[in-house]
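# Breakdown of the fold
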Amino acid sequence: MASPAPASPPDTIAAIATAPGRGGIGVVRVSGTGLAGFARALTGREPRPRIAAFARFLDGEGEAMDEGLLLYFPGPASFTGEDVIELQGHGGPVVMQMLLERCLALGARLAQPGEFTRRAFLNGKLDLAQAEGVADLIEASTAAAARSALRSLTGRFSEEVHRIRDGLIDLRMLVEATLDFPEEEIDFLEKARALPRLAAIRADLEGVLDRARQGALLRSGLNVVLVGEPNVGKSSLLNQLAGEERAIVTDVAGTTRDALRETIQIEGIPLHIIDTAGLRDTSDVVEQIGIARTWQEIGRADVILRLVEADGALGGEDIDARLPAGVERIVVENKIDLHGRQPGRREQDGRVWLSLSAKRGEGVELLRRELLRVAGWHAHGEDVILARERHLGALRSALAHVETAQGQVMALELFAEELRLAHDALSEITGEFTADDLLGVIFSRFCIGK
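Scoring rules and cut-offs
Sequence order as written defines the numbering, with residues in each chain counted from 1. Local features in this predicted model are restricted to residues whose pLDDT is 70 or higher, and side-chain atom pairs enter the listing and the counts only when it is 80 or higher, whereas totals over whole chains, interfaces and linings include all residues. Values shown for side chains rest on all heavy atoms present in the structure; no hydrogens or waters enter the calculation. UniProt positions are given in the numbering used here, feature names are shortened, and annotations may be inferred rather than shown by experiment. Helix and strand labels come from DSSP, where a helix needs a run of H or I of at least four residues and a strand needs a run of E of at least two; each type is numbered from the N terminus. Relative accessibility decides the category of a residue: with a 1.4 Å probe and only protein chains considered, values under 20% of the type maximum give buried, values over 50% give exposed, and everything between is partly exposed. Here a residue-residue contact requires only that any non-hydrogen atoms of the pair lie within 4.5 Å. Note on areas: these come from Shrake-Rupley sampling with a 1.4 Å probe, and a residue is covered only by the protein chains present in the view. Two strands are said to pair when DSSP picks up at least two bridges between them. All axes here are fitted lines through C-alpha atoms, helices being fitted over the stretch that makes contact, and every angle between N-to-C directions spans 0 to 180 degrees. Every definition here rests on a 1 Å grid over the protein atoms only: cavities are sets of points where a 1.4 Å probe fits but cannot get out, pockets are open sets enclosed by protein on both sides within 12 Å along at least five of seven lines, and lining residues have some atom within 4 Å of a point. Grid points are joined across faces, edges and corners, and a volume is the space filled by probe spheres set on the points. Side-chain classes are defined by residue name, with Ala, Val, Leu, Ile, Met, Phe, Trp, Tyr, Cys and Pro counting as nonpolar, Asp, Glu, Lys and Arg as charged, and the others, Gly among them, as polar. Within 3.5 Å is the distance limit for a polar contact, defined as a pair of N or O atoms, with the added protein rule that one can donate a hydrogen and the other accept it, and that residues adjacent in sequence qualify only through two side-chain atoms. Centres within 6.5 Å make a pair out of two Phe, Tyr or Trp rings, where for Trp the six-membered ring is used; the pair is then stacked when the planes are under 30 degrees apart, edge-to-face when over 60, and tilted otherwise. Remark: a charge is flagged as sitting over a ring if the NZ atom of Lys or the CZ atom of Arg is within 6 Å of the ring centre and within 35 degrees of the ring normal. Put simply, angles under 35 degrees are roughly parallel, angles over 145 are roughly antiparallel, angles from 65 to 115 are roughly perpendicular, and the rest are oblique. By definition, any crossing whose near helix is turned counterclockwise from its far helix by less than a right angle is left-handed, and any crossing with a clockwise turn is right-handed. Summarising the geometry, the arc corresponds to the directions from the helix axis toward the C-beta atoms.

- The name an unreviewed UniProt entry gives the protein chain is tRNA modification GTPase MnmE, with Azoarcus indigens as the organism.
- Checking UniProt for the protein chain, the heading Subcellular location (unreviewed entry) contains the comment "Cytoplasm".
- Turning to the protein chain, the UniProt annotation filed under Sequence similarities (unreviewed entry) states: "Belongs to the TRAFAC class TrmE-Era-EngA-EngB-Septin-like GTPase superfamily. TrmE GTPase family."

## Focus: the overall build of the protein chain
- For the protein chain, the count of helices and strands is 15 helices and 13 strands.
- For the protein chain, with 450 residues in total, the buried portion stands at 48%.
- Once local pairs closer than 6 in sequence are excluded, the contacts in the protein chain between residues at least 24 apart make up 65%.
- With an accessible surface of roughly 21,200 Å², the protein chain has 52% of that area assigned to carbon and sulfur atoms.

## Details of the sheet that holds strand β12 (residues 344-348)
- Overall, mixed pairing links the seven strands, which are arranged β8-β9-β7-β10-β11-β13-β12 in an open sheet. Strands at the two margins of the open sheet, each flanked by one partner only, are β8 (260-266) and β12. In this sheet, neighbouring strand axes are inclined to one another by 25° on average, regardless of whether the strands run parallel or antiparallel.
- Inspection of the sheet shows β8 paired to strand β9 (residues 269-275) by seven bridges, in the antiparallel sense. Residue pairing in the sheet places Q265 in a bridge with P270 of β9.
- Across the sheet, helix α8 (residues 194-220) is in contact with β7 (222-227) and β9; its angle to β9 comes to roughly 50°.

## Details of the UniProt feature "binding site: Mg(2+)" (unreviewed entry) in the protein chain
- UniProt feature "binding site: Mg(2+)" (unreviewed entry): in the numbering of this structure it lies at S235 and T256.
- Along the chain, the position of S235 falls in helix α9 (residues 234-242).

## Thoughts on the sheet that holds strand β6 (residues 109-110)
- Strands sit in the order β3-β4-β5-β2-β1-β6 across an open sheet of six strands; the sheet is mixed. Of all strands in the sheet, those bounded by a partner on one side alone are β3 (53-58) and β6.
- Here four bridges tie strand β1 (residues 13-16) to strand β2 (residues 23-32), and the two strands are oriented antiparallel to one another. Residue pairing for β2: A14 is matched across the bridge by V30.
- Where helix α2 (residues 93-105) meets the sheet, it contacts β1, β2, β3, β4 (64-73), β5 (83-91) and β6, and its direction lies at approximately 15° from that of β2.

## Some points on α9
- In terms of burial, α9 is a largely internal element, seven of the nine residues being buried.
- Restricting attention to buried positions, one finds in α9 the residues K234, S235, S236, L237, L238, N239 and L241.
- Where α9 terminates, the next one or two residues include G243, which has phi positive at roughly 80°.

## Here's the deal with empty space enclosed by the protein
- A complete count under the given rule lists one cavity of 30 Å³ or more for this structure.
- In this structure, the largest cavity occupies an estimated 70 Å³ of space.
- Around the largest cavity, the lining comprises 11 residues; the ones closest to its centre are R151, R156, F157, V384 and I385.
- For the lining of the largest cavity, the per-class residue count stands at three nonpolar, two polar and six charged.

## Considerations on the side chain of R29
- With respect to the helices and strands, R29 occurs in strand β2.
- For R29, a relative accessible area of 12% corresponds to the buried category.
- Engagement of the side chain of R29 in a polar contact is seen with the side chain of E86, the distance being 3.3 Å.

## Digging into the packing of aromatic side chains
- Inspection of the entire model under this criterion finds zero aromatic pairs.
- Positioned above the aromatic ring of F116, the side-chain terminus of R29 is 5.5 Å from the ring centre.

## Focus on the pairing of strand β13 (residues 351-355)
- Within β13, four of the five residues are buried, which leaves the element mostly enclosed by the surrounding structure.
- Examined bridge by bridge, strand β11 (residues 328-334) and β13 share four bridges and lie parallel to one another. Across the sheet, V331 pairs through a bridge with W353, a residue of β13.
- Note that β12 and β13 share five bridges and pair antiparallel. Within β13, the residue paired with R345 across the bridge is L354.
- The hairpin turn running from β12 into β13, its antiparallel successor, is two residues long, and D349 in that turn takes a positive phi close to 55°.

## Quick notes on the packing of α8 against helix α13 (residues 389-406)
- Their axes nearest at 10 Å, the elements α8 and α13 cross at an angle of 155°. Taken together, the axes of α8 and α13 lie roughly antiparallel to each other. As for how α8 packs across α13, the hand of that crossing is left-handed. Between α8 and α13, the contacting residues are L198, A199, I201, R202, L205, E206, V208, L209, A212, R213 and A216 on the first element and L392, L395, R396, A398, L399, V402, E403, A405 and Q406 on the second.
- In terms of residue class, the contact of α8 with α13 is built from 14 nonpolar, one polar and five charged.

## Quick look at helix α5 (residues 143-153)
- Among all positions of α5, only A144, A145, S148, A149, R151 and S152 are buried. End-on, the buried residues of α5 take up no more than an arc of 155°, which puts them together on one face.
- Just past α5, the residue G155 takes up positive phi, approximately 100°.

In structure tokens form, the structure reads like this:
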């Protein structure tokens, strides 16, 4: 006999929480209130809190659709702070869709992207920086990025922000109290060491911002575009950096017709290396398309590696004239093995020149170190913060207000206002002072089921 459908709360959400496709195990997640009855309808038995129990998952007629494990977490002791059910069944897409449709038939609605994590944030289970750490951990492209994301998820970044924020709060309380006694304000601030305390807050902000910049590199990496005439060794250099034969290398000019991308890691930083078609005048229609795409990639570059032959002739002045002026450019003199030269680095005409052999790998380590320098990377051990652009913006804003406050100590009202603005900027990071529309943007980029 079919189990009766429970009276479902109006805002129960459900989604498949595992990646699309076939797998040994798939998970359907449900969150809402009063889900014990929901679980009974799905399994025909009373769920036991926080115990993984074998169950058969039943359709509306009481027939088994699948079997697996049922986990029931009554709120508030759950990820979202609400009642949560997880159905762990066999990971075929048809089975997962049947389980999800059964949950929707019982009154749940399909969850929006990131809605489970958003509910965790709104219910005080995570702050906003920790919630973003969930998405960053899923999206991490390197082991270093994954470790940094986990630190954000466990609250390390938030703790540092709170520590600086608490220092600002203490200083604001002192200044606000001093405003009530204007005739004593300067002596009072000197006795309370307000300026040294503000200097310490500034130093802390600068340190966190520096480590956050490093973390931003771990998230997105750098786009490095190889640019040059045909047959200067761009594809050979890509293969050398990648450590395998990714691009076809021949003596025939124009072999590379389209942009070829390869992501490598240096010190945990993802570098997106783009090999492009050689730049030259050509009547070949296919090659012309490849050259047009080369210029598109140049427009998106963070770093341009301008390859030339190590024979002392730069050439290609028309190419250099068209390269964007605001993008870091490194001149790479390739094929030193053909000209009896040694690997090396020099600065000339305001640019860095590297001499190497892409074919033999001689001098390629110099290039790796130079790319790290351009990225602004320096080792922080396990303290790198996997920051997003909004985190960097908030930290920069807080630092700017603190710097302004240091010059306003003789105008106490302005001093107090700058401290307030710095406090508000930091609060945006953890979500204590965040507009609802910003929350919508942040969580819309999450996976469905998270």
